[in-house]
Number of protein chains: 2
Amino acid sequence: MSNPSLPACAVLDAAEVAKPFRDELKLKVSSMIEKPLLVGFLGNDDPAARKYAKWTAKSCAEVGIRFELREVPRVELEDRIIDANADSSVHGIMVYYPCFGPSIDQYLQNVVAKEKDVEGLNFQFRYNMYHNIRFLDKEEKLKSTLPCTPLAVVKVLEHVAVYNPKLPFGNRLHGKHICVINRSEVVGRPLAAMLANDGAKVWSVDVDNVLIFSRGVGLKHRNHKVSESTQKLDEILPLCDVVISGVPSPSYKISTASLKEGVVAINFSSAENFEASVVERASFYIGSVGKVTVAMLERNLVRSVEYQLEQRTIASKVDK
Amino acid sequence: MSNPSLPACAVLDAAEVAKPFRDELKLKVSSMIEKPLLVGFLGNDDPAARKYAKWTAKSCAEVGIRFELREVPRVELEDRIIDANADSSVHGIMVYYPCFGPSIDQYLQNVVAKEKDVEGLNFQFRYNMYHNIRFLDKEEKLKSTLPCTPLAVVKVLEHVAVYNPKLPFGNRLHGKHICVINRSEVVGRPLAAMLANDGAKVWSVDVDNVLIFSRGVGLKHRNHKVSESTQKLDEILPLCDVVISGVPSPSYKISTASLKEGVVAINFSSAENFEASVVERASFYIGSVGKVTVAMLERNLVRSVEYQLEQRTIASKVDK
């Protein structure tokens, strides 16, 4: 039962978090003569992937981005990605995973040309992200693309001021304790690293073990450090200001009683990992970040277009 | 019971297959003023990995290669790889996996500098291998590194003349039916692709499904094509001239009765995937390819040294 003396939990809508980004995107895209084209490859028959694809199409249409869904047998996916890489009318490429499983899918993520990789899953982007390298060039003009779902979670945390704007940029999570339940290479591990790079202490929990991601000290160690932990989830949860969960199982539930009073609870699993009673304990709760993820995808696309234009400018200069 | 009217199965020793490569390596290394240095990183407490490391050390010593085992906590592995990448006294780097699991391990494989990646696990090498691109440069001087265990299996198949030397290079497995049970990104899938690139029809079997890898036709499709199959293992095995298995489970056994008479049977699992009776059915049987794998690793190392020297020559020319 909720305690009437406490202020109620704010249940956030992802659309509300996404709105300022979408407004900015609409403005940017409206000024573009050639509207950016995002190609999404669907190579599985996962209903969740199809739903996400429909959602992407709708969101892109609203923002003014052209979106084309290409349904292909998974065994042809690599060849079709290579075609799209070479096609200058395609500005961004995304793939609705899983197609084969984590290992082959990670290979395919690297087949997508870096310049068109709006999901930020290419090795170079991931290396930069893990090493807190924020730009692709020495002039710091081209931002290194960040993976969409982890970035969406960061935007949610900025929205609710868990990121403290009074702290210096790059350390705005200083003092925050965060638990991330999921350590996939697509969401959980990059998210833990990004939060640690911004100053948080992060417990990264998966089914096998717990790792602690924390910010390195001094100039030489701007990126996070990782250490092993023997702590158990039920010891960790009461310490955490933020609990972020992405366990793809409908039976997995985080006990509300284990959470710190006033916790910020974020679910990014397609299943609901928190109990319904989480709203009696949390200060903010968000059950899905999907709409913010799509906004980040669109933002990465618009950046990619700028990146491709920059490259063409360089190439035409070289030609002369 | 074996049929005394049939010639007995030749049980191969990997050392016998490895010998000509090791002899060639000894000769090459003996002429090198600076003996190549291979650094192996051990970041787990897997006894099989430690055994493999000891084996590598022994084999390198015999060939004249310097080998240094560096034991590091897995959370420091990435930083130590980066140090070794930058250290010009290190010519080759290998890592005894698994450290974290397939996804993070695949990330680490890409952290190893391409020039020092003697295991051939870097994305660019893998992309080249899947696309049957055999050189790194247009002049076709620098061979693209192939992954060691799949390459070792190829060498076994050449040793027993499954590769037909009377057929043109690149098509010497034409007409051969091969089953590969395992579709990891480290062995099973690259192996299936390499065999298909050389002309075989390959059934790639894993726990979930079966894919068929076959050679593309014509100049435009030099690399293999993949299609889904609904065939079951017990329908596939009787068709296969070669059965290669790498299932890491002591309880997994391929029934001898399901094999074609005169099959070539190759086990690359640390467990024994064939029944003891396989020798009553097979023409050739090899229970472990580990020693050939190490020879391929050493061969890749010697090539890497040549590659690094080539790069330094280019760099010094540019300086002038």
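Residues numbered from 1 in each chain as written. Chains lettered and ligands numbered in written order. Predicted model: local features only at pLDDT ≥ 70, side-chain atom pairs only at ≥ 80, totals over all residues. Heavy atoms only, no water.

Per an unreviewed UniProt entry, chain A is named NAD(P)-binding protein, and its organism is Gonapodya prolifera.

So, about the overall build of chain A. Per the secondary structure count, chain A includes nine helices and 11 strands. Relative to its length of 320 residues, chain A is compact, with a C-alpha radius of gyration of 20 Å against a globular reference of 20 Å. Counting over 320 residues, chain A shows a buried share of 53%. The contacts in chain A between residues at least 6 apart in sequence include a share of 62% that link residues at least 24 apart. About 14,700 Å² of surface is accessible on chain A, with carbon and sulfur atoms providing 56% of the total. Here chain A contributes 41 positive and 39 negative side-chain charges, whose respective centroids are spaced 6 Å apart. (Helix = DSSP H or I, 4+ residues; strand = E, 2+ residues; numbered from the N terminus. Rg over C-alpha atoms; globule rule 2.2 N^0.38 Å. Buried < 20%, exposed > 50% of the residue type's maximum accessible area, 1.4 Å probe, protein only. Contact = heavy atoms within 4.5 Å. Areas by Shrake-Rupley, 256 points an atom, 1.4 Å probe, with all protein chains shown as cover. Lys, Arg positive; Asp, Glu negative; His and termini not counted. Charge placed at Lys NZ, Arg CZ, Asp CG, Glu CD.)

Bringing the nonpolar core into the picture now. L157, L195 and I244 of chain B are the most contacted members of the largest nonpolar core, which totals 78 residues. Apart from residues lying up to four places away in sequence, I244 of chain B is in contact with V153, L157, I178, C179, V180, I181, L191, L195, I266 and F268 of chain B. In terms of nonpolar packing, the next biggest core, distinct from the first, is built from 77 residues, M129, V153 and F268 of chain A together with V90 of chain B among them. (Core = buried A, V, L, I, M, F, W, Y, C linked by side-chain atoms within 4.5 Å.)

This part is about the pattern of salt bridges. Scanning the model with the defined rule gives 32 salt bridges over all chains in all. Salt-bridge contacts for R70 of chain B lead to E68 of chain B; the nearest nitrogen and oxygen are separated by 2.8 Å. Residue class for R70 of chain B comes out partly exposed when judged on its relative accessible area of 24%. For E68 of chain B, a relative accessible area of 33% gives the class partly exposed. Connected through shared salt-bridge partners, R22, K58 and E62 of chain A make up one network. (Salt bridge = Lys/Arg side-chain N within 4 Å of Asp/Glu carboxyl O.)

Okay, helix α4 (residues 102–111) of chain A next. Along an α-helix, residues three or four positions apart point the same way, because every turn accommodates 3.6 residues. Within α4 of chain A, nine of the 10 residues are buried, leaving the element largely enclosed by the surrounding structure. Within α4 of chain A, burial applies to S103, I104, D105, Q106, Y107, L108, Q109, N110 and V111 of chain A. Looking at the buried residues of α4 of chain A, the elements they touch are α3 (77–86) and α5 (123–130) of chain A together with α4 (102–111), α5 (123–130) and α7 (188–197) of chain B.

Here the UniProt-annotated "domain: Tetrahydrofolate dehydrogenase/cyclohydrolase NAD(P)-binding" (unreviewed entry) positions come out as residues 147–205 of chain A. Helix makes up 37% of residues 147–205 of chain A and strand 17%, and the two end C-alpha atoms of the span are 19 Å apart. (UniProt positions renumbered as here; feature names shortened; annotations may be inferred.)

Residues and elements named next belong to chain B. For L142, the position within the fold is in the loop between α5 and α6 (148–159). Sequence separation of L142 and E158 is 16 residues, and the distance between their C-alpha atoms is 22 Å. In contact with L142, other than residues within four places in its own chain, are R134, F135, L136, D137, Y307 and E310.

Before going further, it helps to spend a moment on unusual backbone geometry. All names here are of chain A. The omega angle of the peptide bond from Y97 to P98 is 0 degrees, so this bond is cis rather than trans. Along the polypeptide, P98 turns up in the loop between β4 (92–96) and α4. The phi angle at N182 is positive, at roughly 140 degrees, despite the residue not being glycine. Tracing the backbone through its elements, the reader meets N182 in the loop between β5 (177–181) and α7 (188–197).

On to the packing of aromatic side chains, then. Scanning the model with the defined rule gives 10 aromatic pairs over all chains in all. Aromatic pair F274 of chain A and Y285 of chain A: ring centres 6.0 Å apart, planes at 80 degrees, arrangement edge-to-face. Residue F274 of chain A is located in the loop between β10 (264–267) and β11 (284–286), and its partner Y285 of chain A is located in strand β11; the two are separated by 11 residues in the primary sequence. Just as F274 of chain A is buried, Y285 of chain A falls in that class too. Consider the rings of F123 of chain B and Y127 of chain B, whose centres lie 5.9 Å apart with planes at 50 degrees: the pair is tilted. Of this pair, F123 of chain B and Y127 of chain B both sit in helix α5, four residues apart, roughly one helical turn. The class for F123 of chain B is buried, based on a relative accessible area of 16%. In this structure Y127 of chain B comes out as partly exposed when scored by relative accessible area, which is 21%. Members of the aromatic cluster, each reached through a chain of ring pairs, are Y107 of chain A together with F123, Y127 and Y130 of chain B. The lysine or arginine in question, R189 of chain B, covers the ring of Y107 of chain A, its NZ or CZ lying 4.8 Å from the ring centre. The ring of Y130 of chain B carries the charged tip of R189 of chain B above its face, separated from the ring centre by 4.0 Å. (Phe/Tyr/Trp six-rings, centres within 6.5 Å; stacked < 30°, edge-to-face > 60°. Lys NZ or Arg CZ within 6 Å of the ring centre and 35° of its normal.)

Turning our attention to the interface of chain B and chain A. Across the boundary between the two partners, chain B contributes 27 residues, which contact 27 residues of chain A. Taking both sides of the interface into account, the surface hidden between chain B and chain A amounts to around 2,400 Å²; carbon and sulfur atoms contribute 55%. Taken together, chain B and chain A are joined by four salt bridges. As a salt-bridge pair, E228 of chain A and R74 of chain B come within 2.6 Å of each other at their nearest N and O atoms. Inspection of the region where chain B meets chain A yields 10 residue pairs in polar contact (both at pLDDT 80 or more). The dominant element in the side of chain B that touches chain A, judged by the number of residues it contributes, is α4 of chain B, at seven residues. Here the residues of the side of chain B that touches chain A sort into 12 nonpolar, six polar and nine charged. (Buried area = accessible area lost by both parts, 1.4 Å probe. Polar contact = N/O pair within 3.5 Å; in protein donor to acceptor, adjacent residues only side chain to side chain. Nonpolar A, V, L, I, M, F, W, Y, C, P; charged D, E, K, R; others polar.)

The residues that UniProt annotates with the feature "domain: Tetrahydrofolate dehydrogenase/cyclohydrolase catalytic" (unreviewed entry) are residues 12–119 of chain A. End C-alpha to end C-alpha, residues 12–119 of chain A measures 24 Å, and it is 50% helix and 16% strand.

Note on the copies: chain B fits chain A at an RMSD of 0.0 Å, the axial shift is 0.0 Å, and the rotation between them is 180 degrees. In short, the pair behaves as if placed about a two-fold rotation axis. Distance from the rotation axis, computed per C-alpha, reaches its smallest value in chain B at S103 of chain B: 3.1 Å. Mapped onto chain A, 100% of the interface residues of chain B again fall at the interface, so both copies present the same surface. (Least-squares fit on C-alpha atoms with pLDDT ≥ 70 in both.)

With that settled, consider the sheet that holds strand β2 (residues 37–42) of chain A. All names here are of chain A. Within the open sheet, the three strands sit side by side as β3-β2-β4. Their pairing is parallel. The open sheet has two edge strands, β3 (66–71) and β4, and neither has a second partner. The mean inter-strand angle of the sheet, taken between neighbouring strand axes irrespective of direction, is 20 degrees. When β2 meets β3, the two strands line up parallel, connected through six bridges. Bridge pairing links L42 to E71 in β3. (Pairing = 2+ DSSP bridges. Axes fitted to C-alpha atoms, helices over the stretch in contact; angles between N-to-C directions.)

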